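An overview of the molecular structure
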2 protein chains.
Amino acid sequence: MPATIRDVARLAGVSPSTVSRALSMPEMVNAATRARVAAAVEQLGYQPNRAARGLITGRTGNIGLVVPDLANPFFASVAKGVQARARRYDVAVFVADTDEDAAAEVGLVRALAKQVDGLILCSPRASDADLSAIAQDTNVVLVNRTAEGVPGIIYDNEGGMRQAVAHLVALGHRKIAWVGGPVTSWSTQHRTLGLSNALYDHGAELARVGSFAPTYEGGMAAADQAVATGATAVVTYNDLVAIGLLARLHARGISVPGDVSVVGIDDIAMSRMARPALTTVRLPKQEAGRIAVELLLAVLDDPDPGTAIGTRGTLHGELIVRDSTGPAPQP
Amino acid sequence: MPATIRDVARLAGVSPSTVSRALSMPEMVNAATRARVAAAVEQLGYQPNRAARGLITGRTGNIGLVVPDLANPFFASVAKGVQARARRYDVAVFVADTDEDAAAEVGLVRALAKQVDGLILCSPRASDADLSAIAQDTNVVLVNRTAEGVPGIIYDNEGGMRQAVAHLVALGHRKIAWVGGPVTSWSTQHRTLGLSNALYDHGAELARVGSFAPTYEGGMAAADQAVATGATAVVTYNDLVAIGLLARLHARGISVPGDVSVVGIDDIAMSRMARPALTTVRLPKQEAGRIAVELLLAVLDDPDPGTAIGTRGTLHGELIVRDSTGPAPQP
DNA sequence: TTGAAAGCGCTAACAA
DNA sequence: TTGTTAGCGCTTTCAA
């Protein structure tokens, strides 16, 4: 049986409210009393019951994080960032894995919403309509997705694509294949657009392939179509796809970067272990998690939707050049 | 403002207690009233406040999961398994990442303990003493670790090592190097023992190397020492280490499996993407998470420590043969 | 089968 | 500066 505030009060010879104050607004209580309370707390190993506190303050001190797939290293990193920052603020984190299922996502969000002060939705698969509905009656911060009037963090996909293209063009590539991810994915749309714009600016040619699943298997499936376009370089939706593509090219005896260059996006840990090590656009993953927490906490302190609309962070990617890109082959 | 039980009661024309009963013990309430309540619940989108319920029942419907590092694919998989099973029971999961820090672990556990019905501790780094103290006043299930009188799931490390050895011996290997993980790691001890026993049974020789960090870098560091032993095969603490080792061997121009065979443990997703694809002992990761939830729920229903002691599951590994193992080279 | 009342652990007015 | 009182949303005796 854990100690309650009354146990502490009795031991310290004060009233429960004094204990409460000593803990949450120490400056409003006499130093001597404060010390007695502190001693009693120490002796009893007292820790306030957050649920009870939440009942009355309306703040639970808990937040929720919803991701499509924890086994995906990208989301695992974001989750780690969220954890780290939440811990600093003494906030506990519910994590829910939706298994890439939009319906499950909505259900989990509804269930969690009652128990937390706010929710971080990372790359949510739900429809814009569902998302807006959720944001209506819950404090929400979006990561890797935008929605009307909902604060969030996004990556500068256009900028990342521009860096990748500049690199490839400098190497002499003039026709570049793009292996897109899920059509419904917000990132796919923006990356496609960014790539297309950057290539246009350089007077280079884009060859679209896909969409394919954002997985290793997706990459294997995409490889043959990508080379069939005659492109000398391939940019993929993410690193997992790039690595699958690498495997298939290797199996077919196509040399990377000799015959074709490959660029991924994300920079997951696996990428530098690939052979050849993967050139990729590094996205700050843990940082996204950390900022999301900051943003959410800010929203909680000022839930005015007017302010929230302006609260949107953009994170920039960084091109990491490794061994999978090289000069375009001479025809 | 979410609907409360009183709103539902008013709308249904009954008392709050009747609503409560209709929801948690439906058979004790008239079918007609039950229907009215159900309608009101539906109309208001009512969802009971778990915190309030927990205050009185002593059960929150939440559990906690504590892992050393979410970015480690092994733990991410366990977490995913926990999620999936918890969802089935309508239980929400707090996740805490300790960053491989034993002190942080104890702190996080203490903080979480008050908010949950029970805790799943996966590969905890805390001392036996701390662990026992925690288990004293909290419902705990251990994964990948044992402690006196605490229920848990472990892997059959000995059995896994026996399979790996049988495979290598059949390929003609007579001297096998073992790259151990952290000395304080429970698994390291059991894997070392299992390997040693299995080799003894086959009349083969063990060459110990390490310990090394359980990471890609650890594997790179271990590679040279492992080959210097003159062993024709290497077994590593986990797949990450094996993949790092593979990279270093490749850099040195040592052929796998031509010159030396390599076996990992875990079967993380990355392993089949390695080149050569990694032979490994697959550990059922998500299943460990699922069983841990079942175990914890069972403990909650019957917190008798006498029963708990008997409650220990063992999961078996499965040898997955890929391209990193082959016949021992002829001298 | 239903309702009234008490109370879970805590905080926030309001008095003192 | 401190204590008293009321009540957050819910469940659970106890009566009716």
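Heads up: the structure comes first, above all this text.
Read on for a plain summary of the structure. All residue numbers refer to positions counted from 1 along the written sequence of the respective chain. Labels follow written order: the first chain is A, the first ligand is 1, and so on. Residues qualify for local features only when their pLDDT is at least 70, as the model is predicted, and side-chain atom pairs are given and counted only at 80 or more; totals for whole chains, interfaces and linings, by contrast, use all residues. Side-chain metrics in this entry use all non-hydrogen atoms of the structure; hydrogen atoms and water are not considered.

1. Quick notes on the packing of helix α5 (residues 73-88) of chain A against helix α13 (residues 285-301) of chain A
Residue and element names in this part refer to chain A. Angles here are taken between N-to-C directions and fall from 0 to 180 degrees, while the axes themselves are lines fitted to C-alpha atoms, restricted in helices to the stretch in contact. In this text, helices come from DSSP runs of H or I with a minimum length of four residues, and strands from runs of E with a minimum of two, each type numbered from the N-terminal end. Contact pair α5 / α13: the axes reach a minimum separation of 7 Å and the direction vectors enclose 45°. By the angle between their axes, α5 is oblique relative to α13. In terms of crossing hand, the pair formed by α5 and α13 is right-handed. In this structure, α5 uses F74, S77, V78, K80, G81, V82, R85 and A86 to contact α13, whose residues at the interface are K285, Q286, G289, R290, V293 and E294. Residues are grouped as follows: Ala, Val, Leu, Ile, Met, Phe, Trp, Tyr, Cys and Pro are nonpolar; Asp, Glu, Lys and Arg are charged; all remaining types, including Gly, are polar. Residue classes in the contact of α5 with α13 are distributed as 5 nonpolar, 4 polar and 5 charged. Throughout, the term roughly parallel applies to angles under 35 degrees, roughly antiparallel to angles over 145, roughly perpendicular to angles from 65 to 115, and oblique to all others. Two helices crossing with the near one rotated counterclockwise from the far one by less than a right angle form a left-handed crossing, whereas a clockwise rotation gives a right-handed crossing. For this analysis, residues touch if any pair of their heavy atoms sits within 4.5 Å.

2. With respect to the protein's contact with DNA strand D
Of all residues adjacent to DNA strand D, which total 22 residues, the nearest are A:S17, A:T18, A:T33, B:I5 and B:R53. Distances are taken per atom, and a residue is near a molecule or strand as soon as one of its heavy atoms is within 4 Å of it. For DNA strand D, the fraction of protein-proximal atoms (within 4 Å) that sit in sugar or phosphate groups is 63%. Polar contact criterion, stated in full: a pair of N or O atoms within 3.5 Å, where within protein one must be able to donate a hydrogen and the other to accept it, and residues adjacent in sequence count only if both atoms are side-chain atoms. Residue B:N49 places a main-chain N or O atom 3.0 Å away from a phosphate oxygen belonging to DNA strand D. One of the side-chain nitrogen or oxygen atoms of B:R53 is found 2.6 Å away from a phosphate oxygen of DNA strand D. Put simply, the parts of the chain that give the surface near DNA strand D at least two residues each are α2 (16-24) and α4 (50-57) of chain A together with α2 (16-24) and α4 (50-57) of chain B. Class assignment for the residues of the surface near DNA strand D results in 10 nonpolar, 10 polar and 2 charged.

3. Description of the pairing of strand β7 (residues 205-209) of chain A
All names here are of chain A. In the sheet, strand β6 (residues 175-179) pairs with β7 via 5 bridges, with the strands oriented parallel. Following the sheet pairing, I176 is matched in β7 by L206. Handedness is read with the strands pointing away from the viewer; a crossover is right-handed when the path from the first strand over the helix to the second is clockwise. A crossover connection joins β6 to the parallel β7 through helix α9 (residues 186-202); in handedness this β-α-β unit is right-handed. Between any two strands, pairing holds if DSSP finds at least two bridges.

4. As for the protein's contact with DNA strand C
Lining the immediate surroundings of DNA strand C are 23 residues, of which A:I5, A:Y46, A:R53, B:T18 and B:T33 lie closest. In DNA strand C, atoms within 4 Å of the protein come 67% from sugar and phosphate. Here A:R53 contributes a side-chain N or O atom positioned 2.6 Å from a phosphate oxygen of DNA strand C. The separation between a phosphate oxygen of DNA strand C and a polar side-chain atom of B:T18 is 2.5 Å. Within the residue set of the surface near DNA strand C, elements represented by two or more residues are α2 and α4 of chain A together with α2 and α4 of chain B.

Take it as geometry only, folks, not as evidence of what the structure does.
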